[in-house]
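# Residue-level structure breakdown
The residues making up each chain are set out below.
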Amino acid sequence: MAKKHAEGYLSAKESRRISKENRRITSKLEKQRKRKNVPESEYLTTMKNPENAVEFDNLHTYFFTDAGTVKSVDGVSFEVPIGKTVGVVGESGCGKSVTSLSLMQLIQRPQGQIVEGEIRLNLGDKAYDIAKIPMEKMQSLRGNYVSMIFQEPMTSLNPVFRIGDQVDEVIELHNSSMSKEEVRQRTIEMLEVVGIANSKGVSEMYPHELSGGMRQRVMIAMALACSPKIIIADEPTTALDVTIQAQILDLLRQLKDKINSSIMLITHDLGVIAEMADYVVVMYAGRVVEKGTVQEIFENPAHPYTIGLMASKPVVGKQVDKLYSIPGKVPNPINMPNYCYFKDRCEMNCAQCDGAYPQEISLSDTHKVSCYRYYDGGKISDEEKKNILEGHVKAPTGEKEGK
Ligand SMILES: Nc1ncnc2c1ncn2[C@@H]1O[C@H](COP(=O)(O)OP(=O)(O)O)[C@@H](O)[C@H]1O
Ligand SMILES: [Mg+2]
């Protein structure tokens, strides 16, 4: 009867048990979140550093699925300073989008829930903990304080409404005192700000009549219409070609300085990070493995994962047979190991790596890494980095020093 099942296989009984348990957990959390007239004191908090716009502190966001609990974000901590750009990098599926959606409170509910940790949002005179804030309150913060630019503008714009009407709606929602004419005036202004020529004409068009770059500009206009303090850009240029990508990034940078906001820039493209970011957060399998200033991360990558990412990007002028690729794949987020998540793919591991998940080690005030190799003042030497990477990438002799 009780046959040994293949790994990952769930019996109907087991699956029923999981979904019942999930319902119990999520309905409790949902009830909490949907309450009305919650006193502000419940979600009021203080920033650790008032110079930060957002502080993620030990954030855990899980999805309670029928196959088990997906620990998409599993203890993430980092800050976004006011007026700065923080780049979040990592392979697909490592929890970048879920982290940013947690800040917007837009994770797919009821399965998706923030189960632990704080997200402190600086409102100037006070700070709110987004992890505890009730739904009705969050609506007034979205757009005014935090705003998001999505990856694929065609799926985010409604195909059956004219551009102008869609931008109007955003402005109206946040400025109920404006008259219809004033709202339209502001829409036209915003379209001009994001560099759309013939803004009046474009406001009468439908999304399918615009090019990809123009649609992304419209999305940016909508996101910035209410001058948010934080702009989350989730892979904003992935769907665009390279020249348009450069223009959009330039535009984002200019607008950010104009309204003095911060950007949380999510991308898997290290080139974009190098160009845009002041700080870099490297995520792997739902956790931050390394963070630091952009110089620290690019000049002295510490975590074997970051070193691998750097080695897997092409460098102009350096001729290689084959780009480095990190062996193996991201572990299944339902069954995470109880040791370092990267160990099974790591070519620089040591005896200690069998132990519990490594603590964060400070290499400088801003540069932190979670890796056993840095315990007790240890480090991975440049020689070792080179040996391992060149074991895979055979650079033709004579071309090695090219950069
Ligand atoms: N609605 C969902 N239900 C279940 N799992 C999800 C859901 N959304 C995301 N995940 C899982 O969470 C993990 C992180 O996803 P995501 O944050 O989208 O990754 P990325 O870093 O590519 O943006 C992935 O393993 C993904 O499968
Ligand atoms: Mg994503």
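Let me sum up the structure you'll find in this document.

So, how was this worked out
Residues numbered from 1 in each chain as written. Chains lettered and ligands numbered in written order. Predicted model: local features only at pLDDT ≥ 70, side-chain atom pairs only at ≥ 80, totals over all residues. Near = placed C-beta within 6 Å. Helix = DSSP H or I, 4+ residues; strand = E, 2+ residues; numbered from the N terminus. Nonpolar A, V, L, I, M, F, W, Y, C, P; charged D, E, K, R; others polar. Pairing = 2+ DSSP bridges. Contact = placed C-beta atoms within 7 Å. Axes fitted to C-alpha atoms, helices over the stretch in contact; angles between N-to-C directions. Parallel < 35°, antiparallel > 145°, perpendicular 65-115°, else oblique. Left-handed = near helix turned anticlockwise from the far one by under 90°. Buried ≥ 20, exposed ≤ 12 C-beta atoms within 10 Å, placed from the backbone. Right-handed = clockwise from strand over helix to strand, strands pointing away.

Right, let's get into the site of ligand 1. Around ligand 1 sit 16 residues, and of these Phe 63, Ser 72, Lys 96, Ser 97 and Val 98 come closest. Listing elements by their share of the shell around ligand 1, those giving two or more residues are β2 (52-65), β3 (68-81) and α2 (96-104). Considering every element that reaches the shell around ligand 1, the biggest residue donor is α2, with 3 residues. Considering only residue class, the shell around ligand 1 consists of 5 nonpolar, 10 polar and 1 charged.

Turning our attention to the sheet that holds strand β5 (residues 112-122). Backbone-to-backbone hydrogen bonds join strands into a sheet, with any given pair of strands oriented parallel or antiparallel. Spatially, β1-β6-β5-β2-β3 is the arrangement adopted by the 5 strands of the open sheet, whose pairing is antiparallel. Of all the strands in the sheet, just β1 (44-45) and β3 have a single pairing partner and so form its edges. In the packing of helix α1 (residues 12-33) onto the sheet, contacts are made with β2, β3 and β5, and the angle to β2 comes to roughly 145 degrees. Together, β2, β3 and β5 form the strand contacts of α2, whose direction differs from that of β2 by roughly 110 degrees.

Turning our eyes to something else, we now look at the packing of helix α5 (residues 163-174) against helix α6 (residues 180-193). Any two packed helices are characterised by how steeply their axes cross, that is the angle between the axes, and by the distance between the axes. Between α5 and α6, whose axes approach to 9 Å, the crossing angle comes to 115 degrees. As judged from the angle between their axes, α5 and α6 are roughly perpendicular. With respect to the hand of their crossing, α5 and α6 are arranged in right-handed fashion. Residue-level inspection shows Gly 164, Val 167, Asp 168, Ile 171 and Glu 172 of α5 in contact with α6, the latter providing Val 183, Arg 184, Arg 186, Thr 187 and Met 190. Of the residues in the contact of α5 with α6, the class split is 4 nonpolar, 2 polar and 4 charged.

In space, the 8 strands of this open sheet follow the order β7-β8-β9-β4-β10-β11-β13-β12, with mixed pairing throughout. Only two strands of the sheet have a single partner each, and these edge strands are β7 (146-149) and β12 (361-362). Relative to strand β10 (residues 279-284), strand β4 (residues 85-89) runs parallel, the two being bridged by 4 bridges. Directly across from Val 86, in β10, lies its bridge partner Tyr 279. The strands that helix α8 (residues 212-224) touches are β7 and β8 (230-234); relative to β7, the one it contacts most, it runs at about 175 degrees. Strands β4, β10 and β11 (287-293) of the sheet are contacted by helix α12 (residues 304-311), whose axis makes an angle of about 105 degrees with β10.

Residues in a regular strand point their side chains to alternate faces of the sheet. Among the 5 residues in β8, 5 count as buried, and that is most of the element. Side chains Ile 230, Ile 232 and Asp 234 of β8 all project onto a buried face; the interleaved residues Ile 231 and Ala 233 project onto the opposite face, where all are buried too. With 4 bridges joining them, β7 and β8 adopt parallel strand pairing. When the bridges of β8 are listed, Val 146 appears paired with Ile 230. Following the chain from β8 across helix α9 (residues 242-258) to the adjacent parallel strand β9 (residues 262-266), one finds a crossover that is right-handed.

Take the environment of Val 289 next. Secondary-structure assignment places Val 289 in strand β11. On the basis of neighbour counts, which here come to 25 C-beta atoms within 10 Å, the residue Val 289 falls in the buried class. For the pair Val 289 and Ala 274, spaced 15 residues apart in sequence, the C-alpha to C-alpha distance is 18 Å.

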